[in-house]
Amino acid sequence: MSAIGELSTMSRRKGPMSKEEKKANGRDNKAAYVFLLPWLIGLAVITVGPMLMSLYLSFTDYNLLQPPEWVGLDNFVRMFGDARLHNSLRVTFTYVLVGVPLQLAVALLIALVLDKGIRGLPFYRSIFYLPSLLGGSVAVAILWKQIFGTTGLVNQVLAMIGIEGPGWISDPNTSLGSIILLHVWTFGSPMIIFLAGLRQIPNMYYEAAEVDGATTLQKFWRITLPMLSPIIFFNLVLQIIGSFQSFTQAFIVSGGNGGPSDSTMFFTLYLYQKGFGQFDMGYASAMAWFLLVIIGAFTAINFIASKYWVFYDD
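Bear in mind the structure is a predicted one, so any value in this text is a computation, not a measurement. (Residues numbered from 1 in each chain as written. Predicted model: local features only at pLDDT ≥ 70, side-chain atom pairs only at ≥ 80, totals over all residues. Heavy atoms only, no water.)

Here we look at the pattern of salt bridges
Then comes step 1: Scanning the entire structure with this criterion turns up four salt bridges.
Then comes step 2: Across the pair Asp262 and Arg84 runs a salt bridge whose closest N-O atoms are separated by 3.0 Å. With Asp262 in the loop between helix 12 (248–253) and helix 13 (267–277) and Arg84 in helix 4 (residues 83–114), this residue pair connects regions lying 178 residues apart in the sequence.
Then comes step 3: With a relative accessible area of 19%, Asp262 lands in the buried category. (Salt bridge = Lys/Arg side-chain N within 4 Å of Asp/Glu carboxyl O. Helix = DSSP H or I, 4+ residues; strand = E, 2+ residues; numbered from the N terminus. Buried < 20%, exposed > 50% of the residue type's maximum accessible area, 1.4 Å probe, protein only.)

Quick look at the side chain of Gln239
Then comes step 1: One can find Gln239 in helix 11 (residues 216–244).
Then comes step 2: By relative accessible area, Gln239 is classed as buried at 14%.

Here we look at the packing of helix 4 against helix 8 (residues 175–185)
Then comes step 1: Between helix 4 and helix 8, the shortest axis-to-axis distance is 8 Å and the interhelical angle comes to 35°. Taken as a pair, helix 4 and helix 8 cross one another with a handedness that is right-handed. Along its contact with helix 4, which presents Val91, Thr94, Tyr95, Val98, Gly99, Val100, Leu102, Gln103 and Val106, the element helix 8 presents Leu176, Ile179, Ile180, His183 and Val184.
Then comes step 2: For the contact of helix 4 with helix 8, the class distribution of residues is ten nonpolar, four polar and no charged. (Axes fitted to C-alpha atoms, helices over the stretch in contact; angles between N-to-C directions. Left-handed = near helix turned anticlockwise from the far one by under 90°. Contact = heavy atoms within 4.5 Å. Nonpolar A, V, L, I, M, F, W, Y, C, P; charged D, E, K, R; others polar.)

A look at the packing of aromatic side chains
Then comes step 1: Under the defined criterion, the tally for this structure stands at 18 aromatic pairs.
Then comes step 2: Taking the centre distance of 6.2 Å and the plane angle of 75° together, the rings of Phe233 and Trp309 count as edge-to-face. Here Phe233 is found in helix 11, whereas its partner Trp309 is found in helix 14 (residues 281–309), with 76 residues between them in sequence.
Then comes step 3: By relative accessible area, which is 8% here, Phe233 ends up buried.
Then comes step 4: Through a chain of ring-to-ring contacts, three or more aromatic side chains come together here, namely Tyr56, Phe59, Trp70 and Phe76.
Then comes step 5: Between the NZ or CZ atom of Arg78 and the centre of the ring of Tyr283, over which it lies, the distance is 3.9 Å. (Phe/Tyr/Trp six-rings, centres within 6.5 Å; stacked < 30°, edge-to-face > 60°. Lys NZ or Arg CZ within 6 Å of the ring centre and 35° of its normal.)

So, the nonpolar core
Then comes step 1: Ranked by internal contacts, the top residues of the largest apolar core, which has 53 residues, are Leu85, Phe194, Phe266 and Met287.
Then comes step 2: Among the elements that make up this core, the one with the highest residue count is helix 4 (twelve residues).
Then comes step 3: With residues near it in sequence (within four places) discarded, Leu85 still touches Met79, Phe267, Tyr270, Tyr283 and Met287. (Core = buried A, V, L, I, M, F, W, Y, C linked by side-chain atoms within 4.5 Å.)

So, in structure tokens, the structure goes:
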């Protein structure tokens, strides 16, 4: 009680601090900086330093073997005439604009099912979350390539009912779709967030709607979606950022070349080819900053548009 009283007295105290209080605050600040020091060093050495170096290299001609040569905006101007870069943007935008909504829809559907209070919920929640842990791994990408190969599991199942399936990975018309399907399969992370959001919606809203004779669909549209809109917005921003940076799936499934016919040539994969395949590190750095601008633009658009559809229960 004495400690609480002392804190209460300090909170009501006005005027300048005494020398002893200043010394105590100074010691607290020093201790905080000491604990923050490893993180600050990591931020400077691992994040800020490489970013600034990449920004410098984006204005140079650098092949990793010779000193960088300043070329100004040439790398950025060069992007306007790069047909493969334009194709990689088309592929990446298709992947993001199709894959992210589908993934969030599946995640929300599974979360709604799990929110019904079924037995063994922790077990099912863990099982459904597992793909998010493994989906970006090399092993799962290799497995996915085998499943959708010409003689893979999917075509074997189709053959049992008399259907001859295509080479899902080797056909330019279906190769990107198979990778989008892999992205949708990794719905576990947004599903867990959706499930937590559903648990926070007060049950009294649903009870009042039932009294008014609302159907299940009406309760979903009028209560669940508006109350869950901040969570949907949060998941949308995170998944868009992550999808633009997808690399492993396309690299493994296509064998690193973005094939067939550049149908799986993601922007990040083309960036990798330029930087570490052709040693055109200056151009690759410019591409990386261009990608940062694209992600920033999409994030800004989402935040601007959120005021029209995101509901905060204040």
